[in-house]
Protein chains: 2
Amino acid sequence: MTTSAKANVDTIQAEIIRRICFLDYPPGQRLKEAALATEFGVSRTPVRDAISRIKHLGLVETRNGVGTVVVTLTHAQIRHVYEMRQHLATLIGTMSPRPVTPGDLARISALLDAAISLERNFDTRFYLELNDQLQDLIAELIGNPVLRSFWRQAYFQAASTWYRVAALAKAEVAAALVQELRDLKDAINRGDIAAVGYVQRVQIGYGYQRIVHHLFSKVD
Amino acid sequence: MTTSAKANVDTIQAEIIRRICFLDYPPGQRLKEAALATEFGVSRTPVRDAISRIKHLGLVETRNGVGTVVVTLTHAQIRHVYEMRQHLATLIGTMSPRPVTPGDLARISALLDAAISLERNFDTRFYLELNDQLQDLIAELIGNPVLRSFWRQAYFQAASTWYRVAALAKAEVAAALVQELRDLKDAINRGDIAAVGYVQRVQIGYGYQRIVHHLFSKVD
DNA sequence: TCGCCGACATCTGTATACAGCTTTGTTATA
DNA sequence: TATAACAAAGCTGTATACAGATGTCGGCGA
């Protein structure tokens, strides 16, 4: 999958983050600057820049002479991320949210329709895309740019683990997504951003329970 | 102030952030990669790396052909940062804090003594150093690494504005620091990290009021 | 067969050269 | 004198070459 057009640093960063979140680069995967540079059609410099920032987000670690590896989160770290995400969720509604527009409602409706079709015919990749779009929509509803940044960061850290569960418990996560989107559509329809936050908080809690059940309970 | 020893990227990043927070690089200041490279005794590459990450933290902006400038926060942005910091403060105690050690108490006591001496003989630079050390201590009390990271980020964004007020209202901020440290020492003495968070929340509120009073009320 | 050691391959970290963009000072013209 | 065009300097963005570090694999000896 070689991108023909020359990409800039931000594009490269976003794409690598996306691949980590979507498990195209699973934990332990080694990223090679030279290979990425070739793929994106640039030199190693902008790739290094992008990786350097991703490293600072805590998604990868680089060791000299070895390469850059996608971090494997410990159970405790995953718990910490989810704990934080729950608290951030409740702040979404309380901290100067942006007013709801008709476009928001249209987007959430489209996502709900897509999720319902997903329930009948599950596709992991499509589930990831849907969630990604939903996270983007919610982030945009956050009026405080500082909170929005933190929300995104925490999402990046949680995503890969979350999506690992999705591949294991397909029907379960599809049903949960439909329910979540129904609740969110209702909340957005009323212009009640605080309710959006509470729905998120609850769903994050469910998500963590699924992680514990499907990943942590397994014997290593 | 030329650092004789060769510095690595992390050192350079921390030093530049420090200079921005301490207003050695005030808002609008232009940072030149070449000059910094010379000063730190390295090439432009690691300096660029450091600046790239600082840029991603929102402390500076880079324009091609012009340079990297320290951002000037708008009133709204400052309010957003302080709002976020207040909420994060309350989370300090609730999210799995690390147990208090005798070393913590010794450090807070030393800071209190220093603050008391500062009240009699104010020195802006010394005030900054004291606050910086206090922020470090509090960050270390946070058990959740995600929250700790967010706490630090928000501090970096708030610091320069906060310290701009310190130069204007010396007696006022010195007295507030003494009071804050007395409360914190008391809380830490009881091992009550939740109280530490509440003290922080209150003090952040006071700090924002001082900013509004001393900076925003002025006619531009 | 197991353990140790050394050469090799490979990857990141850094330095440096060059290209592209922006600003600014200067000069010519109305 | 004012203004517009132009040239030059300076900065960041990128490419590339080299140095340093680490994993890997084969051979040797006990």
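All right, on to the side chain of Arg-85 of chain A then. Residues and elements named next belong to chain A. Summarising the element assignment, Arg-85 is placed in helix 4 (residues 75-94). The side chain of Arg-85 sits in the buried core without any salt bridge; Glu-180 is the nearest counter-charge, 7.3 Å away. In contact with Arg-85, other than residues within four places in its own chain, are Gln-135, Trp-151, Ala-154, Tyr-155, Ala-158, Trp-162 and Ile-204.

For an interface, size is often stated in terms of accessible area lost upon the parts coming together. Chain B puts 26 residues into the contact, and the matching count from chain A is 26 residues. Taken together, the two surfaces of chain B and chain A that pack against each other cover about 2,300 Å², and 62% of this comes from carbon and sulfur. For chain B, the biggest contributors to the area lost against chain A are Arg-53, Met-84 and Phe-150 of chain B; these three give 25% of the whole. Taken together, the connections running from chain B to chain A amount to zero salt bridges. Remark: the boundary between chain B and chain A carries eight residue pairs in polar contact (both at pLDDT 80 or more). Per element, the largest residue contribution to the side of chain B that touches chain A is eight residues, and it comes from helix 4 (residues 75-94) of chain B. Residue composition of the side of chain B that touches chain A, grouped by class: 10 nonpolar, 11 polar and five charged.

What follows is about the packing of helix 6 (residues 124-141) of chain B against helix 7 (residues 145-166) of chain B. Residue and element names in this part refer to chain B. Two elements in contact, helix 6 and helix 7, have axes whose closest approach is 11 Å; the angle formed by their N-to-C orientations is 165°. The angle between the axes of helix 6 and helix 7 places the two elements in the roughly antiparallel class. By crossing handedness, the relation of helix 6 to helix 7 is classed as right-handed. Seen from helix 6, the contacting residues are Tyr-127, Leu-128, Asn-131, Asp-132, Gln-135, Asp-136, Ile-138 and Ala-139; seen from helix 7, they are Arg-148, Trp-151, Arg-152, Tyr-155, Trp-162, Tyr-163 and Ala-166. Tallied by class, residues from the contact of helix 6 with helix 7 come to nine nonpolar, two polar and four charged.

Right, let's talk about the relation of the copies chain B and chain A for a bit. In this arrangement, two copies of a chain are superimposed by a rotation about an axis accompanied by a shift along the axis. The two copies are related by a screw motion: chain B maps onto chain A through a turn of 180° and a shift of 0.0 Å along the axis, at an RMSD of 0.0 Å. Viewed as a symmetry operation, the transformation between the two copies matches a two-fold axis. Both copies share a contact surface, since 100% of the interface residues of chain B are interface residues in chain A too.

All right, on to the protein's contact with DNA strand C then. Near DNA strand C, the surroundings consist of 22 residues, among which Leu-31, Lys-32 and Arg-48 of chain A together with Ser-43 and Thr-45 of chain B are the closest. The share of sugar and phosphate among atoms of DNA strand C within 4 Å of the protein is 65%. Residue Lys-32 of chain A places a side-chain N or O atom 3.2 Å away from a phosphate oxygen belonging to DNA strand C. In this structure, a phosphate oxygen belonging to DNA strand C sits 2.5 Å away from a main-chain N or O atom of Ser-43 of chain B. At the level of secondary structure, the elements contributing two or more residues to the surface near DNA strand C comprise helix 3 (44-57), strand 2 (60-63) and strand 3 (67-70) of chain A together with helix 3 (44-56) of chain B. Ranked by residue count, the leading element in the surface near DNA strand C is helix 3 of chain B, at three residues. Each residue belonging to the surface near DNA strand C can be placed in one class, and the counts come to six nonpolar, nine polar and seven charged.

Residue and element names in this part refer to chain A. Under the domain assignment, chain A is made up of domain 1 (9-70) and domain 2 (75-216). For domain 1 versus domain 2, the distance between C-alpha centres works out to 25 Å. Taken together, the nine residues of domain 1 in the interface contact 11 residues of domain 2. Of the roughly 980 Å² buried between domain 1 and domain 2, counting both surfaces, carbon and sulfur atoms make up 65%. The tally of links from domain 1 across to domain 2 stands at three residue pairs in polar contact (both at pLDDT 80 or more).

All names here are of chain A. Bridge count for strand 1 (residues 30-31) against strand 3 is two bridges, and the pairing is antiparallel. Paired with Leu-31 across the two strands is Thr-68, which belongs to strand 3. Examined bridge by bridge, strand 2 and strand 3 share four bridges and lie antiparallel to one another. What sits directly across from Thr-62, in strand 3, is Thr-68. Counting the residues in the hairpin turn of strand 2 and strand 3 gives three residues, including Gly-65, whose phi is positive at 85°.

Bringing the pattern of salt bridges into the picture now. All names here are of chain B. Applying the stated rule across the entire model yields 28 salt bridges over all chains. In this structure, Glu-33 and Arg-48 form a salt bridge, with 3.0 Å as the shortest nitrogen-oxygen distance. Of the two residues, Glu-33 sits in helix 2 (residues 33-40) while Arg-48 sits in helix 3, which places them 15 residues apart along the sequence. Its relative accessible area of 34% is what places Arg-48 among the partly exposed residues.

For the rest of this paragraph, the subject is the packing of aromatic side chains. Counting across every chain of the model gives 15 aromatic pairs over all chains. Taken together, a centroid distance of 5.8 Å and an interplanar angle of 65° make the contact between Phe-22 of chain B and Tyr-163 of chain B edge-to-face. Of this pair, Phe-22 of chain B sits in the loop between helix 1 (9-21) and strand 1 (30-31) while Tyr-163 of chain B sits in helix 7, and the two are 141 residues apart along the sequence. The burial state of Phe-22 of chain B is the same as that of Tyr-163 of chain B; both residues are buried. The structure contains a cluster of three or more aromatic residues connected by ring pairs, namely Phe-22, Phe-122, Tyr-127, Tyr-155, Phe-156, Trp-162 and Tyr-163 of chain A. In this arrangement the basic side chain of Arg-85 of chain A is found over the ring face of Tyr-82 of chain A, its NZ or CZ atom lying 5.9 Å from the centre.

What follows is about the protein's contact with DNA strand D. Near DNA strand D there are 22 residues, and of these Ser-43, Thr-45 and Asn-64 of chain A together with Lys-32 and Arg-48 of chain B occur at the shortest range. Residue Ser-43 of chain A places a main-chain N or O atom 2.5 Å away from a phosphate oxygen belonging to DNA strand D. Between Glu-33 of chain B and DNA strand D, the recorded distance is 3.3 Å, taken from a backbone N or O atom to a phosphate oxygen. Where the surface near DNA strand D is concerned, the elements lending two or more residues are helix 3 of chain A together with helix 3, strand 2 (60-63) and strand 3 (67-70) of chain B. In terms of residues, the surface near DNA strand D owes the most to one element, helix 3 of chain A, which gives three residues.

The rules behind the values
- Residues numbered from 1 in each chain as written.
- Chains lettered and ligands numbered in written order.
- Predicted model: local features only at pLDDT ≥ 70, side-chain atom pairs only at ≥ 80, totals over all residues.
- Heavy atoms only, no water.
- Helix = DSSP H or I, 4+ residues; strand = E, 2+ residues; numbered from the N terminus.
- Buried < 20%, exposed > 50% of the residue type's maximum accessible area, 1.4 Å probe, protein only.
- Lys, Arg positive; Asp, Glu negative; His and termini not counted.
- Salt bridge = Lys/Arg side-chain N within 4 Å of Asp/Glu carboxyl O.
- Contact = heavy atoms within 4.5 Å.
- Buried area = accessible area lost by both parts, 1.4 Å probe.
- Polar contact = N/O pair within 3.5 Å; in protein donor to acceptor, adjacent residues only side chain to side chain.
- Nonpolar A, V, L, I, M, F, W, Y, C, P; charged D, E, K, R; others polar.
- Axes fitted to C-alpha atoms, helices over the stretch in contact; angles between N-to-C directions.
- Parallel < 35°, antiparallel > 145°, perpendicular 65-115°, else oblique.
- Left-handed = near helix turned anticlockwise from the far one by under 90°.
- Least-squares fit on C-alpha atoms with pLDDT ≥ 70 in both.
- Near = heavy atom within 4 Å.
- Domains from an automatic or database assignment.
- Pairing = 2+ DSSP bridges.
- Phe/Tyr/Trp six-rings, centres within 6.5 Å; stacked < 30°, edge-to-face > 60°.
- Lys NZ or Arg CZ within 6 Å of the ring centre and 35° of its normal.

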